[in-house]
Every structure is written in C-alpha cells, then in structure tokens.
Amino acid sequence: MNSLYKRVSRRSTCFICGKPDWCSYTQDAKISFCARIITNADRVSRTGWGVFYHEKSLFGDAPLHFPSKPPPKKAELAPIEIRDFVYRKLIELAPAINSKEIIDGEKGLHSRKILDFENYGALPQTQSERRDLAREIRCLINRKFPDYVRRQKFGIKGLPGFWLDKNGEAQLWKNKDYLCPMLLIPYRAADGFVHACQIRYMCRTLSPDAVRYFWLSTPDKNQGLSCGSPLHFASYDHFSQHKPLLVTEGALKAATTQFFHKNFNVLASAGVNCSHNEIIAAAELRPLFLAFDTDYYENYFVARAYAKLINSTFAALRFGSHNQVKILTWNPKIKGIDDALLQNAPKTQQSPSEWYKSLCKLCQDKIAGILPK
C-alpha cells in the first residue's frame, strides 16, 4: 500500500465501521476508506469501498462525484431463514461445550455471566474438521431448501463464512489450522433469527497488533461474501414501547448486560459508527440508553461518531427526545459496560449536554456544533 495510507489495526480501528482489519485511512486521518460501509459515504471507490472525508472544508464547495465506473455488483445474502438454519446447525454440530477454554477460560462465557452455552459454538481449529462440517451443512441445505439450491446452483451461496475451493468442495472459514479455540457468536435480528456470526479468538495473549474478533465472512473467497456489520438484538420486545432500550457494542457485551439488566431491551452494534438508522428504528418511542466503550473520552473520531448518533436520534424521535436519550457512563479506565457490571463499578446517567462536558477539550472542540441544542 502507498506510504500515504495506513492500514487500520487493533490499536487504531476504522473510524467508520470500528473494525481493526481491511480498512485504511490517510496519514493525517482526514480521509477514511471503509471496506464494509458505503452508507453516507462522500463517494464510493471503483472497488466498492466507502470514502469518507472527515474535514469537509479541505475540499471547498465543489460537489463530490461518484466514479464513472459503477462499483461491482455485490453478491446477495441468502434469505434470513436459510442463514438462521445454517448458523444454528453449525452451532449444534460444533457446540461451545467442546472447548473448556470457551466455557471456563479467563474470558470465557462463564466468567461473563453468559450461561446459555447451547447458543454459542466452538469453530473447529483444523481446516479438515471445518471442511467436514461445511460438507455436512451443504447436504442439509440441499435437502431442506431444494428450490433455493436449484436457483443458486450452489447450496452455500449467499452464506458468509462458506465458500468453494478450486475442486468445488465446500469450505468453512479460512484454509488454515489454528492453535487457539474459536468462540462462535451468533448475531440475531429483531425476530430472533440468526443472521450472522462473529468469531472470538480465545488465546490468553495476543500480539499488540493482533485482532481478537472477526466476522464469519470470506468475501475474498470463491462464492464467499461479507455479512456486513449487522445489529444484534440480545433481547427485544416489539409490543412494549415503554421498556427502555440499551445499546452497547458487541454481542458478548450485550449478553452480559442482559444478565444484569433484564428490565431493558438490549442491542449491540458492531461499533459506534454502525447501524445508526437501525438503532433509531428500534428505539421508536422507547427511552434510549447508549452504553458504548469509553474510547470517546480521548478519541475525537469516536466522540464524533457518538455525537452524530445522538444528533440523528434527536432528529428522528418525535416526542421528548431531550429527556428520552441518556448516556450511561462509568469509570473511564474500564473500557466496556460488561466489565463495569462485572466489577460492580458505579454507573451514572448523563444527558447529552452533560456527556459533552465530560469529554477532553480536544474532543469538545472537534464535535462542537454536532450535538443538538
């Protein structure tokens, strides 16, 4: 990659999707190139990446133009009923209880107060085991959804994480073996269907630039594709508009939060930059509590994304928005709400204006004017 650009990493995640891989940005951090999100992008590259300008004033008043060549047509996801069947079957055939590290490890499910072990999987560490799983699931799809298979030619088409090798054999995840267990985390839609999965590497330690979380996606493989950055509904009551909605980031955080706060509907986005429209739609007339990681105190890119979500929420909610949106805060030395809950750390509810005043001076300067008055 050109030296003018930097790849995202675990320490410096994408300013748009919040993920530590694939994406990049300019060295002055004024332009981001996101491989996952094109919604609200200033333009779309010829390879289908979203290009986001963080300092609009640098480009004057000239209108931004899309490239003359349209981005390549993206493969379509399989219907959610099929994805739900496949990912549930994958978890059933490779359950989390196969791995002691996943269940009882230092950061295992048990330590997070996540006790419904049957809802999580342990992705096999060897390629051969995963290939056997992919072959079995492909056969199950052929029997369960014959009409879909006839239309698509390949039973695994449209299923992120699955792909075909050069011999036409179904494969699952990467074509290599791993040393550490891999927790498989389902992401659920509002109706409870599993529409995507995430992987967490359960290694005790990682190198500084290593990534612990990955989507179960293989867009670079034959007949593979990305799942995007979907919103996860840990719990959601369609019929109770008075039950408050709490939004955090990451399905595991959401599960821990649900254990402690059963009186909340709990959602998880992939990051503070993601799923704003979906969060607003889910909120409807509900009281909304935002509980994202504490990076926003010092990182103005995160603070700006947070402020944009708050502003969009105020614009969309019709009644009493100023009293309806609260930010949950805790000791900023504790990153996530899950650890704050597990450590019984004190938590406070702040209004958007109170939250703004708690930020560092640089963050305040960078997001001034974004929050609603």
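Residues numbered from 1 in each chain as written. Predicted model: local features only at pLDDT ≥ 70, side-chain atom pairs only at ≥ 80, totals over all residues. Heavy atoms only, no water.

Colleague: Help me get a handle on the overall build of the chain, residues and values and all.
Modeller: Looking only at helices and strands, one finds 11 helices and 17 strands in the chain. In summary, the chain has a C-alpha radius of gyration of 21 Å against a globular reference of 21 Å for 373 residues, a match within 12%. When the backbone C-alpha atoms are referred to their principal axes, the chain occupies close to 60 × 50 × 45 Å. When burial is assessed residue by residue, the chain has 53% of its 373 residues classed as buried. Relative to all contacts within the chain whose residues are 6 or more apart in sequence, the contacts with residues 24 or more apart total 58%. Charge centroids of the chain, computed over 53 positive and 35 negative side chains, lie 3 Å from each other. (Helix = DSSP H or I, 4+ residues; strand = E, 2+ residues; numbered from the N terminus. Rg over C-alpha atoms; globule rule 2.2 N^0.38 Å. Buried < 20%, exposed > 50% of the residue type's maximum accessible area, 1.4 Å probe, protein only. Contact = heavy atoms within 4.5 Å. Lys, Arg positive; Asp, Glu negative; His and termini not counted. Charge placed at Lys NZ, Arg CZ, Asp CG, Glu CD.)

Colleague: So what's going on with helix H3 (residues 127-144)? Which residues, and what values?
Modeller: Between its terminal C-alpha atoms H3 stretches 25 Å, which fits the 26 Å expected from 18 residues at 1.5 Å a residue. Within the sequence span of H3, burial applies to Arg130, Leu133, Ala134, Ile137, Leu140 and Ile141. Looking straight down H3, one finds that the buried residues subtend no more than 125° of arc, so they occupy a single side. Next to the buried residues of H3 lie helix H1 (80-93), strand E6 (121-123), helix H4 (146-152), strand E7 (162-164), strand E8 (170-172) and strand E9 (182-188). (Expected span 1.5 Å × (residues − 1). Arc of directions from axis to C-beta.)

Colleague: Give a description of the packing of aromatic side chains that names residues and reports values.
Modeller: All chains considered together, the criterion is met by 16 aromatic pairs. Note on Tyr296 and Trp355: the rings are 5.6 Å apart at their centroids and 55° apart in plane angle, and the pair reads as tilted. Residue Tyr296 is found in the loop between strand E15 (288-290) and helix H7 (300-316), and its partner Trp355 is found in helix H10 (residues 352-358); the two are separated by 59 residues along the sequence. Using a relative accessible area of 0% as the deciding quantity, one classes Tyr296 as buried. Just above the ring of Trp173 sits the side chain of Lys174; from NZ or CZ to the centre is 5.0 Å. Positioned over the ring face of Trp163 is Lys221, at 4.7 Å from the centre of the ring. (Phe/Tyr/Trp six-rings, centres within 6.5 Å; stacked < 30°, edge-to-face > 60°. Lys NZ or Arg CZ within 6 Å of the ring centre and 35° of its normal.)

Colleague: An account of the packing of helix H6 (residues 276-283) against H7 is requested, with residue identities and associated values reported.
Modeller: A pair of packed helices can be characterised by two numbers: the angle between their axes and the separation between those axes. The geometry of H6 relative to H7 is characterised by a closest axis approach of 10 Å and an angle of 40° between their N-to-C directions. Classified by the interaxial angle, the pair formed by H6 and H7 is oblique. Judged by the twist between their axes, the crossing of H6 over H7 is right-handed. Only Ala305, Lys308, Leu309, Ser312, Thr313 and Ala316 of H7 make contact with H6, whose side of the interface consists of His276, Ile279 and Ile280. (Axes fitted to C-alpha atoms, helices over the stretch in contact; angles between N-to-C directions. Parallel < 35°, antiparallel > 145°, perpendicular 65-115°, else oblique. Left-handed = near helix turned anticlockwise from the far one by under 90°.)

Colleague: An account of the side chain of Thr256 is needed here, citing residue identities and associated values.
Modeller: Residue position: Thr256 is located in helix H5 (residues 251-260). A polar contact of 2.8 Å, which involves the side chain of Thr256, links it to the backbone oxygen of Arg112. Residues contacting Thr256, with those up to four places away along its chain left out, are Arg112, Ile114, Asp338, Leu341 and Leu342. (Polar contact = N/O pair within 3.5 Å; in protein donor to acceptor, adjacent residues only side chain to side chain.)

Colleague: An account of the nonpolar core is requested, with residue identities and associated values reported.
Modeller: The nonpolar side chains of a soluble globular protein tend to be buried with one another. Core analysis: the largest hydrophobic core is formed by 66 residues, its most contacted members being Leu109, Tyr120, Leu290, Tyr306 and Trp355. Looking at this core, the element that brings in the most residues is H7, giving 10 residues. Excluding residues that lie within four positions of it along the chain, Leu109 makes contacts with Ala96, Ile102, Ile103, Ile114, Phe117, Tyr120, Leu183 and Leu252. In terms of nonpolar packing, the next biggest core, distinct from the first, is built from 33 residues, Leu123, Leu133, Tyr178 and Leu216 among them. (Core = buried A, V, L, I, M, F, W, Y, C linked by side-chain atoms within 4.5 Å.)

Colleague: Describe the packing of H1 against H3, with residues and values.
Modeller: Remark: H1 packs on H3, axes separated minimally by 11 Å, with the N-to-C direction vectors making an angle of 140°. Comparing the axis directions of H1 and H3 gives the class oblique. In this structure, H1 meets H3 at a crossing whose hand is right-handed. On H3, the residues that touch Phe85, Val86, Lys89, Leu90 and Leu93 of H1 are Leu133, Glu136, Ile137, Leu140, Ile141 and Lys144. In terms of residue class, the contact of H1 with H3 is built from eight nonpolar, no polar and three charged. (Nonpolar A, V, L, I, M, F, W, Y, C, P; charged D, E, K, R; others polar.)

Any functional reading would require information beyond the geometric quantities listed.
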